[in-house]
Amino acid sequence: PFLRRPPSWASRRAGRAPPPAMPKKKDDKEDALPEPGAITWFYVKHGAQQQTLFNADVGAATLIDAIREQCAVPATTGPIDLQDAETGALLALGKVPPRVDAVTVVKPTRVYILVEPVLGDGGLYAGELRLLYEPAEGEELPAAPPPP
């Protein structure tokens, strides 16, 4: 009778353990990225008491472009940023590398206020924000954070 030989790849792999996983680097930011299916949306307050929902699971540059488009920010407006409505912290989205996911900076389910940072000498933040949001009467907003 004719005996059939296994393919060459099968005979080489027989009895071998799978290759070891690549070791993780200390600077890996995998922990900062959301799990698949995790909540990554947040709200941006803008215009005349408007609020728009955004997804942070995109690159920082893509998010800035989407906010400019969806919130109808005029082209004459300088760089835009988001201020946390609770803490008053400025996110500095413009300093995040373009291909880094915005979810590493933006906290999901939070509410942010659309602002234009006033830039001083050398293009650095001067400690003053121009609101791109008109709050309702009696609505309190956080103070501008101090310059770095």
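You'll find the structure just up there.
The shown structure was predicted, so the numbers you read here are calculated from the model rather than taken from an experiment.

A short note on the nonpolar core
By size, the foremost hydrophobic cluster in this structure holds 19 residues, and its most contacted members are Phe 42, Val 44, Leu 63, Ile 67, Leu 82, Val 106 and Leu 114. Secondary structure elements with two or more residues in this core: strand 1 (41–48), helix 2 (60–70) and strand 4 (111–119). Among the elements that line this core, the one with the most residues is helix 2, at 3 residues. With residues up to four places along the chain from it excluded, the contact list for Leu 82 reads Phe 42, Val 44, Ile 67, Ala 89, Leu 90, Leu 91, Leu 93, Tyr 112, Ile 113, Leu 114 and Val 115. Of all hydrophobic cores here, the second largest spans 5 residues; its members include Ile 113, Val 115, Tyr 125 and Tyr 133.

Description of the pairing of strand 4
With 3 bridges joining them, strand 1 and strand 4 adopt parallel strand pairing. Looking across to strand 4, one finds that Tyr 43 is bridged to Val 111. Looking at chain direction, strand 3 (residues 81–84) and strand 4 are connected through 4 bridges and run antiparallel. Along strand 4, the bridge assignment pairs Gln 83 with Ile 113. Judged from the 5 bridges that link them, strand 4 and strand 5 (residues 125–131) form a sheet pairing that is antiparallel. Following the sheet pairing, Leu 119 is matched in strand 5 by Tyr 125. The loop that links strand 4 with its antiparallel partner strand 5 comprises 5 residues; one of these, Gly 122, has a positive phi angle of about 75°.

Some thoughts on the packing of aromatic side chains
One pass over the structure, following the stated rule, counts 3 aromatic pairs. Between Phe 42 and Tyr 112, the aromatic rings sit 5.7 Å apart at their centres with planes inclined by 85°, giving edge-to-face as the arrangement. Pair noted here: Phe 42 is in strand 1 and Tyr 112 is in strand 4, with a separation of 70 residues, a long-range link. Of the two residues, Phe 42 and Tyr 112, both sit in the buried class. Put simply, the rings of Phe 42, Phe 54 and Tyr 112 touch in pairs and so form one group of aromatic residues.

A word on the pattern of salt bridges
Per the stated rule, a full pass over the model turns up 4 salt bridges. We note a salt bridge from Glu 139 to Lys 45, for which the minimum N-O separation is 2.7 Å. Of the two residues, Glu 139 is situated in the segment after strand 6 (133–134) and Lys 45 in strand 1; the sequence distance between them amounts to 94 residues. On the basis of relative accessible area, Lys 45 is assigned to the buried category, the value being 15%. Residue Asp 84 pairs with Arg 110 through a salt bridge whose shortest N-O separation is 2.7 Å. Here Asp 84, found in strand 3, pairs with Arg 110, found in the loop between strand 3 and strand 4; they are 26 residues apart in sequence, far enough to count as distant. Taken together, the shared-partner salt bridges connect Asp 84, Glu 86 and Arg 110 into one network.

Definitions and cut-offs
Residues numbered from 1 in each chain as written. Predicted model: local features only at pLDDT ≥ 70, side-chain atom pairs only at ≥ 80, totals over all residues. Heavy atoms only, no water. Core = buried A, V, L, I, M, F, W, Y, C linked by side-chain atoms within 4.5 Å. Buried < 20%, exposed > 50% of the residue type's maximum accessible area, 1.4 Å probe, protein only. Helix = DSSP H or I, 4+ residues; strand = E, 2+ residues; numbered from the N terminus. Contact = heavy atoms within 4.5 Å. Pairing = 2+ DSSP bridges. Phe/Tyr/Trp six-rings, centres within 6.5 Å; stacked < 30°, edge-to-face > 60°. Salt bridge = Lys/Arg side-chain N within 4 Å of Asp/Glu carboxyl O.

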